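Topology and contacts: notes
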Amino acid sequence: MIYKEYDDYIEVVDSSDFDVKQTLECGQVFRFKVRDFGYTVYASGQKADIYCHNGNAKIFTKNKKFFIKYFDFDKNYAKIKSSLEANPIMSDAIKYGSGIRILRSDPLEMIISFIISQNNNIPRIKGIIEKICEGYGDNMGDYYAFPTLTQLKRIPLEFFKSIKCGYRDKYLLESIAMLGDTILIDEIAKMSTVDARKELMKLKGVGRKVADCILLFGFGKTDVFPTDTWVVKCYNNLYGASESNASKIADYFVSEFGELSGYAQQYLFYMTRENAIGEKL
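Residues numbered from 1 in each chain as written. Predicted model: local features only at pLDDT ≥ 70, side-chain atom pairs only at ≥ 80, totals over all residues. Heavy atoms only, no water.

**Focus: the overall build of the protein**
Scanning the protein from N- to C-terminus turns up 15 helices and six strands. The C-alpha radius of gyration of the protein comes to 19 Å, within 12% of the 19 Å expected for a compact globule of 281 residues. Taking the principal axes of the C-alpha coordinates as reference, the protein spans close to 50 × 50 × 40 Å. Expressed as a percentage of its 281 residues, the buried residues of the protein come to 51%. (Helix = DSSP H or I, 4+ residues; strand = E, 2+ residues; numbered from the N terminus. Rg over C-alpha atoms; globule rule 2.2 N^0.38 Å. Buried < 20%, exposed > 50% of the residue type's maximum accessible area, 1.4 Å probe, protein only.)

Written out as structure tokens, the structure reads:
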């Protein structure tokens, strides 16, 4: 087992399959803050302070059950990585991002977050999401919960404009109006990945990449391979190609990795992006 429970915290006892920095900073979630002691994470209406020291992590929270599920601690990532390493292209990526875990985030939060994420940078995405939480989420004392669907439906277009959502303001307004009306989140969870993707792509501004991010991080569908410019670069570097069709690349990787595609994507994406950033420093 990767963790132990104590009265008011969870201790990660096997750090080989969990690195909090890699997990939080690999692009799958936006509601966290870097602290002197480690990180503070906000998810739905929950909060956790993660104290990091010499590779060890202690997660202090009032809701241990929530964060055990959120960090996917009951899943055997050693087995997943072992299976992926049967494909020779995965070896370096897994070594580079060996501590990544796919978070079990709330689908509604992921839908809104990844609509905001389009052609956007991470500090701006985080700022917009926080303003939505502060404006319409429940006050939890020292933080705000992510708004419920009922709360989101109260947000006028003027508010989205005021927090600098850009062209995404209309996407958010129209997509929120559809949720719970013509598009039911609970029904999407029951669908096949292909049908769920089609349903999500009915939302304003949601293309394949955004839909696949929502499916992977919000619905736990791991037979997807979200493909952005970093993944396109990764594919072309790996295979000496010059392919620019993201859907074609996504389909190829899913044919290679099947139900483990989402895990493979995170390792390959993280290695490619971090190395590229490192080259610029």
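Still to come is the rest of the account.
**Some points on unusual backbone geometry**
Despite not being glycine, Ser44 shows a phi value in the positive range, around 55°. On the secondary structure map, Ser44 appears in the loop between strand S4 (38-43) and strand S5 (46-53). If you check the backbone angles, Asn119 has positive phi at about 50° while not being a glycine. Tracing the sequence through the fold places Asn119 in the loop between helix H5 (107-116) and helix H6 (122-136).

**Brief notes about helix H9 (residues 168-178)**
Every buried residue of H9 is listed here: Arg168, Asp169, Leu172, Ser175 and Ile176. Down the axis, H9 shows its buried residues gathered within 140° of arc, on one side only. Along its buried surface, H9 packs onto H5, H6, helix H7 (149-152) and helix H8 (157-162). Of the residues trailing H9, Gly180 is marked for its positive phi of about 80°. (Arc of directions from axis to C-beta. Contact = heavy atoms within 4.5 Å.)

**Digging into the pairing of strand S6 (residues 56-61)**
Side chains Ala57, Ile59 and Thr61 project from S6 onto a buried face, and the interleaved Asn56, Lys58 and Phe60 project onto a face without burial. Examined bridge by bridge, S5 and S6 share six bridges and lie antiparallel to one another. Paired with Ala48 across the bridge in S6 is Thr61. (Pairing = 2+ DSSP bridges.)

**Quick look at the sheet that holds S5**
In space, the six strands of this open sheet follow the order S1-S2-S6-S5-S4-S3, with antiparallel pairing throughout. Single-partner strands in this sheet number two, and they are strand S1 (3-5) and strand S3 (32-34). Within the sheet, the average angular offset between the axes of one strand and its neighbour, ignoring direction, is 20°. (Axes fitted to C-alpha atoms, helices over the stretch in contact; angles between N-to-C directions.)

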